[in-house]
Amino acid sequence: MSWKGKGFEPAPKGVVSRKWTLLLCIGCFCTGMLFSDRMWVEPEVQGISQEAGIRDENLRLITEGCDPLRKDVKRESKEIIGEVSKTHHAIQTLDKTISNLEMELAAARAAHESIINGSPVSDDIKIPASTQKRKYLMVVGINTAFSSRKRRDSVRATWMPQGEKRKKLEEEKGIIMRFVIGHSATSGGILDKAIEAEDRKHGDFLRLEHVEGYLELSAKTKIYFATAVAFWDADFYVKVDDDVHVNIATLGATLARHRSKPRVYIGCMKSGPVLAQKGVRYHEPEYWKFGEEGNKYFRHATGQLYALSKDLASYISINQHVLHKYANEDVSLGSWFIGLDAEHIDDRRLCCGTADCEWKAQAGNVCVASFDWTCSGICKSVERMKDVHRRCGEGENYLWSAAF
């Protein structure tokens with residue numbers, strides 16, 4: 001029997017039913033989605049993760065100060081600052097060297113002219129070549145008088161080393177200390193013989209070609225610096241009165257900080273009134289030179305203690321015959337530097353009071369010099385010098401352990 005005859009027509013070969021077609025499409029779609037997730041989504045997430053990691057690492061480097069670019073900038077800045085500091089120091093050293101050479105040349109010319117003019121310089125005060133002399137840190141000249149024997153003894157018993165210790169101070173620390181005094185009006189008299197006997201005992205005097213007298217302190221100051229420069233080649237020359245307490249190591253350390261500077265004038269700078277009235281202490285006979293009545297002096301160091309660099313001390317030595325002398329020694333000294341390119345250094349540790357030097361020492365701020373302003377020195381210094389030394393002194397061990 002034929003299939004057609006029964007009304008049933010068989011499906012043609014090679015044709016897929018609609019049900020299977022639908023299932024096949026759904027399967028292909030799912031397969032495509034799965035394939036797309038594996039090929040594209042995962043690499044994109046990985047790339048984002050890598051970029052985030054790089055940003056986090058850079059942020060950490062910057063936060064910790066390890067950014068290579070920033071480190072290079074900091075290193076370059078430090079190198080530039082270091083080079084500027086070295087250059088500044090080299091310029092200061094060169095300026096000081098040139099200043100010293102100029103002063104030595106001027107001194108040599110002055111000595112040469114003196115010989116040509118028939119007035120040879122004495123062998124005792126002739127300035128020898130600097131290469132033949134040892135270099136010292138400072139020369140400390142203690143101004144004294146014939147009547148001040150007890151004052152000198154009080155200084156020897158406190159802040160001025162004696163005997164072998166003084167020689168050790170010169171050899172190891174480069175510090176020269178001498179009492180400075182001239183001659184009496186009667187040369188070779190009893191006053192001079194007393195000083196000669198004292199000098200034979202202690203060996204701590206610098207004798208000047210100068211006639212002693214209170215009104216001649218300006219002249220004595222000029223001669224002191226001229227003589228000290230001739231005898232010793234030092235970085236600094238100090239003048240101090242014999243009724244002032246001094247801490248030598250602290251003084252040396254203070255001056256050493258200014259060693260590289262040229263033309264240095266160090267002290268407690270002041271500007272007191274010009275006293276025109278006769279009969280008063282510190283009367284200024286030439287008051288009219290300072291302008292109207294009631295005017296003040298120019299800035300200058302107080303006379304109890306001050307220090308000069310070698311070039312300024314040499315300047316005084318070379319020009320001592322033409323430097324004007326005022327009635328007051330400290331005013332005279334200040335006037336000699338008015339027209340010079342000198343640096344005035346005001347250091348208040350050079351003029352402490354005896355009432356406050358003790359607590360300053362306890363606080364670690366040791367004074368260089370101590371005295372009483374009311375007495376222009378330590379009041380009753382002969383009796384009180386040991387007490388001031390006990391309260392305000394730096395200690396002997398500090399002196400010998402100090403390095404300048």
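Bear in mind that the values here come from a model prediction, so they are computed numbers and not experimental data.

Here is what the cut-offs are and how they apply
- Residues numbered from 1 in each chain as written.
- Predicted model: local features only at pLDDT ≥ 70, side-chain atom pairs only at ≥ 80, totals over all residues.
- Heavy atoms only, no water.
- Axes fitted to C-alpha atoms, helices over the stretch in contact; angles between N-to-C directions.
- Helix = DSSP H or I, 4+ residues; strand = E, 2+ residues; numbered from the N terminus.
- Parallel < 35°, antiparallel > 145°, perpendicular 65-115°, else oblique.
- Contact = heavy atoms within 4.5 Å.
- Nonpolar A, V, L, I, M, F, W, Y, C, P; charged D, E, K, R; others polar.
- Core = buried A, V, L, I, M, F, W, Y, C linked by side-chain atoms within 4.5 Å.
- Buried < 20%, exposed > 50% of the residue type's maximum accessible area, 1.4 Å probe, protein only.
- 1 Å grid on protein atoms, 1.4 Å probe; cavity = no way out; pocket = protein on both sides within 12 Å on 5 of 7 lines; lining within 4 Å.
- Points joined across faces, edges and corners; volume = space filled by probe spheres on them.
- Pairing = 2+ DSSP bridges.
- Salt bridge = Lys/Arg side-chain N within 4 Å of Asp/Glu carboxyl O.
- Left-handed = near helix turned anticlockwise from the far one by under 90°.
- Disulfide = S-S within 2.5 Å.

**Thoughts on the packing of helix H3 (residues 149-156) against helix H11 (residues 381-392)**
Thinking step 1. Contact geometry of H3 with H11 gives a least axis separation of 9 Å together with a crossing angle of 10°. Judged on the interaxial angle alone, H11 and H3 are roughly parallel. In contact with Lys150, Arg151, Ser154 and Val155 of H3, H11 contributes Ser381, Val382 and Met385.
Thinking step 2. In terms of residue class, the contact of H3 with H11 is built from three nonpolar, two polar and two charged.

**What to know about the nonpolar core**
Thinking step 1. Residues Met138, Trp159 and Leu251 are the most contacted members of the largest nonpolar core, which totals 44 residues.
Thinking step 2. Going through the elements one at a time, strand E1 (135-143), strand E2 (175-183), strand E4 (233-241), helix H7 (248-256), strand E6 (264-270), strand E7 (300-309), strand E10 (369-371) and H11 are the ones with two or more residues in this core.
Thinking step 3. Leaving out residues up to four positions away in the same chain, Trp159 has contacts with Ile142, Met177, Val240, Val244, His245, Val246, Ile248, Met385 and His389.
Thinking step 4. Grouped together as the second largest cluster of nonpolar side chains are 28 residues, Ala228, Ala234, Met269 and Leu308 included.

**Considerations on empty space enclosed by the protein**
Thinking step 1. Evaluated as defined, the whole model comprises two cavities of 30 Å³ or more.
Thinking step 2. Its boundaries defined by the atoms lining it, the largest cavity holds a volume of some 80 Å³.
Thinking step 3. Taken together, Gly141, Ile142, Asn143, Val180, Leu217, Lys220, Thr221, Tyr224, Lys239 and Glu329 make up the lining of the largest cavity.
Thinking step 4. Within the residue set of the lining of the largest cavity, elements represented by two or more residues are E1 and helix H6 (217-231).
Thinking step 5. For the lining of the largest cavity, the element with the most residues is H6, which contributes four residues.
Thinking step 6. Grouping the amino acids of the lining of the largest cavity by side-chain chemistry returns four nonpolar, three polar and three charged.
Thinking step 7. In this structure, the second largest cavity encloses a volume near 40 Å³.
Thinking step 8. Val274, Ala276, Tyr287, Phe290, Gly291, Glu292, Glu293, Gly294 and Asn295 together form the lining of the second largest cavity.
Thinking step 9. Grouping the constituent residues of the lining of the second largest cavity by class yields four nonpolar, three polar and two charged.

**Description of the layout of surface pockets**
Thinking step 1. Taken as a whole, the largest pocket holds about 1100 Å³ of empty space.
Thinking step 2. Along the wall of the largest pocket there are 38 residues; nearest its centre are Tyr214, Leu217, Arg281, Tyr282 and Ser376.
Thinking step 3. Elements that contribute at least two residues to the lining of the largest pocket include exactly H6, E4, E7 and helix H9 (329-336).
Thinking step 4. No other element matches the four residues that E7 contributes to the lining of the largest pocket.
Thinking step 5. In the lining of the largest pocket, the residues fall into 14 nonpolar, 13 polar and eleven charged.

**Description of the sheet that holds strand E5 (residues 245-246)**
Thinking step 1. As summarised here, the arrangement of the three strands in space is E5-E10-E9, forming an open sheet in which the pairing is mixed. Among the strands making up the open sheet, the edge pair consists of E5 and strand E9 (352-353).
Thinking step 2. Note: E5 against E10, two bridges, orientation antiparallel. Within the sheet, the bridge partner assigned to Val246 lies in E10 and is Ala369.

**Things to note about the pattern of salt bridges**
Thinking step 1. Enumeration over the complete set of coordinates arrives at 30 salt bridges.
Thinking step 2. Close ionic contact of Lys135 with Asp233 constitutes a salt bridge, the shortest N to O distance being 3.2 Å. Pair noted here: Lys135 is in strand E1 and Asp233 is in strand E4, with a separation of 98 residues, a long-range link.
Thinking step 3. Judged by relative accessible area, which is 6%, Asp233 ranks as buried.
Thinking step 4. Notably, a salt bridge pairs Lys239 with Asp241, separated by 2.7 Å at the nearest N-O pair.
Thinking step 5. What makes Asp241 buried here is its relative accessible area of 16%.
Thinking step 6. Each of the salt bridges in this network shares a partner with another, and the network as a whole consists of Arg149, Arg152, Asp153, Arg156, Glu198 and Asp204.

**Examining the packing of H6 against H9**
Thinking step 1. The contact between H6 and H9 brings their axes to 8 Å, and the two run at 55°. Classed by the angle they form, the pair H6 and H9 counts as oblique. Crossing angle aside, the handedness with which H6 passes H9 is right-handed. Packed against H6, whose contacting residues are Leu217, Ser218, Thr221, Lys222 and Phe225, the element H9 presents Glu329, Ser332, Leu333 and Trp336 at the interface.
Thinking step 2. Partitioned by chemical class, the residues of the contact of H6 with H9 number four nonpolar, three polar and two charged.

**Structural notes on the state of the cysteines**
In a disulfide, the sulfur atoms of two cysteines are covalently bonded to one another.
Thinking step 1. Tallying each qualifying case throughout the model produces four disulfides.
Thinking step 2. In this model, Cys268 is linked to Cys351 through a disulfide, with the two sulfur atoms separated by 2.1 Å. Judged by the sign of its S-S torsion, about -95°, the bond between Cys268 and Cys351 is left-handed. A residue pair is termed long-range when its members are at least 10 positions apart, and Cys268 in strand E6 and Cys351 in the loop between strand E8 (343-346) and E9 qualify at 83 residues.
Thinking step 3. Owing to a relative accessible area of 2%, Cys268 belongs among the buried residues under this scheme.
Thinking step 4. The buried category is assigned to Cys351, whose relative accessible area is 7%.
Thinking step 5. Indicated for the protein is the disulfide connectivity 1-2, 3-5, 4-8, 6-7, based on numbering the bonded cysteines in sequence order.

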